[in-house]
Amino acid sequence: MNNIGKVIRELRLRQNLTQNELAEGICTAKYLYLIEKGERTPSNEVMGELSRKLGEDLFDYYDYLSCENPIAVRSIMGKAEQSLRVSAYSDLPTLIEEANQLPDYHVPPLSHHITYLRGIYLLQVEQNAQEARAIAQDALHSMTSSWIDSTFSLRHQNLLARSYVALEEWEEACLLSSRMIQSLDKVMNLKQNRQLVLSTYITFLITHLFAGRYPETIQKGLELMAIQAEWNLLDASAYLYFILAFAYRKNGDHKESSRMLENGILYSLLHGKEQSIADVNQRGIIDEMLTDHTLEEDLVAKFVERFGDVVTYLPVERASHVRMAGEKKSPEAAFQSLAENLPDYLWIYNITQSRFTYASPHIVKLRGYTQEEQSKMSRADVVTPESLVMIESWIA
């Protein structure tokens, strides 16, 4: 079995770093030597510093230390996670084939990953929910006790719950997704597995929304929004806004529904992917909400122009309800509404003036600085040295 020291050594050599160069400012070269030999276990603090210097999150490799080549396995899984994050499901067959070329393809944890990716492809691309459900059930039943409470088990439970939704097996979907939320307490390093946490919450929201359990959807949706703010995690923000908008609408709170819907549209125009909008528009929930007469006509038009292939817009249903011209929001007001409601903070940097000209209010909570203090900072004050090098090259 590999140890984290072997991973550190290989990553160091790939970057042509000596032990002295990597250890500088972190630990002694002797201590790094012992870590790489497997005779010392680095502390979380040392791991964090080594991760920063290597440009790799070393904590991500712990799940793969039983593999013959942990770095190769992690590389493929990293690509798969990125594809899933942006709903690029068509990439999955290539990644599965690449994983099958590795010597560990038939044993956990890689085998668990491969079956999960196959199930996702069946569900999302081939729309074969029955076979996806069978794959997830077989994988969960075959897992040994050492894997039952692992992140790999939770991924297959996500797949199973979403298969239940596609098959309209609502009771099973809600029971399983509720158990999944409870099982997050057993997942080590929740923040390190933030994408899995996000996926688990989204699965809960989908199952409860389509089952008509709107109060529970709103409660967990707001809980997820707080987690996103704490973790500075923007992934699926549009998805979350649309789900909450629909839940508030069905729960009778039209004012809050309109606010969430507007934020979802604005965020989608900034960062949205067509597949993500298609995913959230299952059963036409966005189509239904676009008839909201409080929405700006030009905002809806821009959204439909961008995502018209995956949403259906019937302007005749709302034409008589469009706001009077004097009530329309300016582009500046629309931007401010989005910026003030996003869990992350946005900033605008004027290259010509070499200064920040805007920072959204969330900066106080996320970074501890006021908007005025941010405006006095330089680029070097807000990004890592590695990122600063890239930014400077872009500007040049």
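Everything numeric in this text was worked out from a predicted model, so none of it was measured.

## Some remarks on the packing of aromatic side chains
Given two aromatic rings, their pairing is described by the distance between the two centres and the angle made by the two planes.
Thinking step 1. Summed over all chains, the structure comprises four aromatic pairs.
Thinking step 2. Note on W147 and F152: the rings are 5.2 Å apart at their centroids and 75 degrees apart in plane angle, and the pair reads as edge-to-face.
Thinking step 3. Judged by relative accessible area, which is 2%, F152 ranks as buried.
Thinking step 4. By way of ring pairs, the aromatic residues F242, F303 and F307 are connected into one cluster.
Thinking step 5. Between R155 and the ring centre of F152, over which it is positioned, the NZ or CZ distance is 5.7 Å.

## Structural notes on the pattern of salt bridges
Thinking step 1. Applying the stated criterion across every chain yields a total of 15 salt bridges.
Thinking step 2. In this structure, E81 engages R155 in a salt bridge whose closest nitrogen and oxygen atoms are separated by 3.8 Å. You can see E81 sitting in helix α5 (residues 70-85) and its partner R155 sitting in helix α10 (residues 151-166), a full 74 residues away along the chain.
Thinking step 3. One salt bridge connects K220 with E223, and the closest N-O pair in it is separated by 3.4 Å. Residue K220 and its partner E223 are located together in helix α13 (residues 214-231), separated by three residues, close to a single helical turn.
Thinking step 4. Connected via shared salt-bridge partners are D60, R74, E81 and R155.

## Details of the nonpolar core
Generally speaking, a soluble globular protein has its nonpolar side chains buried in company with each other.
Thinking step 1. Within the largest apolar cluster, 85 residues are counted, with the highest numbers of intra-cluster contacts made by L209, F242, I265, I286, L290 and F303.
Thinking step 2. By residue number, the principal contributor to this core is helix α14 (residues 237-250), which donates 11 residues.
Thinking step 3. When sequence neighbours within four positions are dropped, the list of residues in contact with I265 reads F242, L290, L295, L299 and F303.
Thinking step 4. Within the second largest apolar cluster, 18 residues are counted, among which are V7, I35, L50 and I71.

Parameters at a glance
- Residues numbered from 1 in each chain as written.
- Predicted model: local features only at pLDDT ≥ 70, side-chain atom pairs only at ≥ 80, totals over all residues.
- Heavy atoms only, no water.
- Phe/Tyr/Trp six-rings, centres within 6.5 Å; stacked < 30°, edge-to-face > 60°.
- Buried < 20%, exposed > 50% of the residue type's maximum accessible area, 1.4 Å probe, protein only.
- Lys NZ or Arg CZ within 6 Å of the ring centre and 35° of its normal.
- Salt bridge = Lys/Arg side-chain N within 4 Å of Asp/Glu carboxyl O.
- Helix = DSSP H or I, 4+ residues; strand = E, 2+ residues; numbered from the N terminus.
- Core = buried A, V, L, I, M, F, W, Y, C linked by side-chain atoms within 4.5 Å.
- Contact = heavy atoms within 4.5 Å.

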